[in-house]
Amino acid sequence: MLPKIRKAMKEFLSQEGSLHRSSLSYSFLLAIFPALIVIIILFQNELLDIERVSTFMYHYLPQDIMEPFIEYILDADYSNIYTVIVTLGTTIFLASRSFYTFMLISANKEKFVTRSFIIRIKAILLFLGFIISIGLMGLFAHLFPFYQSIHLVIMIFIVFYLFYRMLSFEVRPIQYGLVGAVFTTIGVVCIGALFLTIVQAVSRYQTLYGPLASILIMMLSIHVISGTIYFGYCLNHAYDFHYKEHQFKNKHMYDKLEQYYQKVRSLVKR
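Just so you know, these numbers come straight off a predicted model, no measurement behind them. (Residues numbered from 1 in each chain as written. Predicted model: local features only at pLDDT ≥ 70, side-chain atom pairs only at ≥ 80, totals over all residues. Heavy atoms only, no water.)

Notes on the overall build of the chain
For step 1, the next point in the chain: On a plain count of helices and strands, the chain comes out with 12 helices and 0 strands.
For step 2, the next point in the chain: Along the chain, helices (α) and strands (β) appear in the sequence α-α-α-α-α-α-α-α-α-α-α-α when read from the amino end.
For step 3, the next point in the chain: Scored against the burial criterion, the 270 residues of the chain give a buried share of 41%.
For step 4, the next point in the chain: In the chain, of all internal contacts separated by at least 6 residues, the share reaching a separation of at least 24 is 80%. (Helix = DSSP H or I, 4+ residues; strand = E, 2+ residues; numbered from the N terminus. Buried < 20%, exposed > 50% of the residue type's maximum accessible area, 1.4 Å probe, protein only. Contact = heavy atoms within 4.5 Å.)

Next up, the structure:
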């Protein structure tokens, strides 16, 4: 057990790992507001209780930043179908960036070669699947309510287990992702329970930065969460099950898209 944890720590603390963590933090920072727009537009007054979603987010991000933004989205007029389409299209593209960044990391580690725009398309599709999963879990919670804290932990675990598996380009056994999902679930729950309280109690951000303190706290929170998610990813690699042949998922699809790309490129050159 200890050798595998040391292996994950070595990968996490490496120069490449530092670059990956910074890139993920930046991607999550860019993606959080667009993702929130998509969730609120699609699920307000339907499957998800927006007030409960807001309360959950306030454990991780400063309320004085998030609350006005959520109120703005709820008050916006989306009665025009074209406005909804343009808004959702733009925000889905931006919000899927976090998936795209993580998939680039996976492709590099697994030595999977394909066009970056193909990975970008897959990232958008995976983000849409992620949103649908949130809706289904919200429906499940609505139809079969039980103790809220247990329900929340189970949902977080399922989300991260699926997240780690979707990011991989290789065919993996079903056990892959479990170790990282368990660690990340515990880490995220602990961050939600303690992070903002500790930062506000022991730091001097309010004194030093005044009205900018909330922005810095938000960036620090996202950085800690990104590091937790990435270490879970490193644990999955450390505890990966070995098999003789490495097979890539949907390889024929990538080959087909590459063929279409080459045909279009040849036509453009004529």
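On we go.
Quick look at the packing of helix 2 (residues 15-43) against helix 4 (residues 63-75)
Geometry of a packed helix pair, given as the angle between the helix axes and the separation of the axes.
For step 1, the next point in the chain: Where helix 2 meets helix 4, the closest approach of the two axes is 10 Å, and the angle between their N-to-C directions is 40°. Judged by the inter-axis angle, helix 2 sits oblique to helix 4. Once helix 2 is placed against helix 4, the crossing between them reads as right-handed. Between helix 2 and helix 4, the residues in contact are Phe33, Leu36, Ile37 and Ile40 and Ile65, Met66, Phe69, Ile70, Ile73 and Leu74, respectively.
For step 2, the next point in the chain: A per-class count over the contact of helix 2 with helix 4 returns 10 nonpolar, no polar and no charged. (Axes fitted to C-alpha atoms, helices over the stretch in contact; angles between N-to-C directions. Parallel < 35°, antiparallel > 145°, perpendicular 65-115°, else oblique. Left-handed = near helix turned anticlockwise from the far one by under 90°. Nonpolar A, V, L, I, M, F, W, Y, C, P; charged D, E, K, R; others polar.)

Section: the nonpolar core
For step 1, the next point in the chain: Ranked by internal contacts, the top residues of the largest apolar core, which has 63 residues, are Phe102, Phe127, Phe160, Phe163, Ile229 and Tyr230.
For step 2, the next point in the chain: No other element matches the 11 residues that helix 11 (residues 213-238) contributes to this core. (Core = buried A, V, L, I, M, F, W, Y, C linked by side-chain atoms within 4.5 Å.)

Geometric descriptors of this kind do not, in isolation, establish any biological role.
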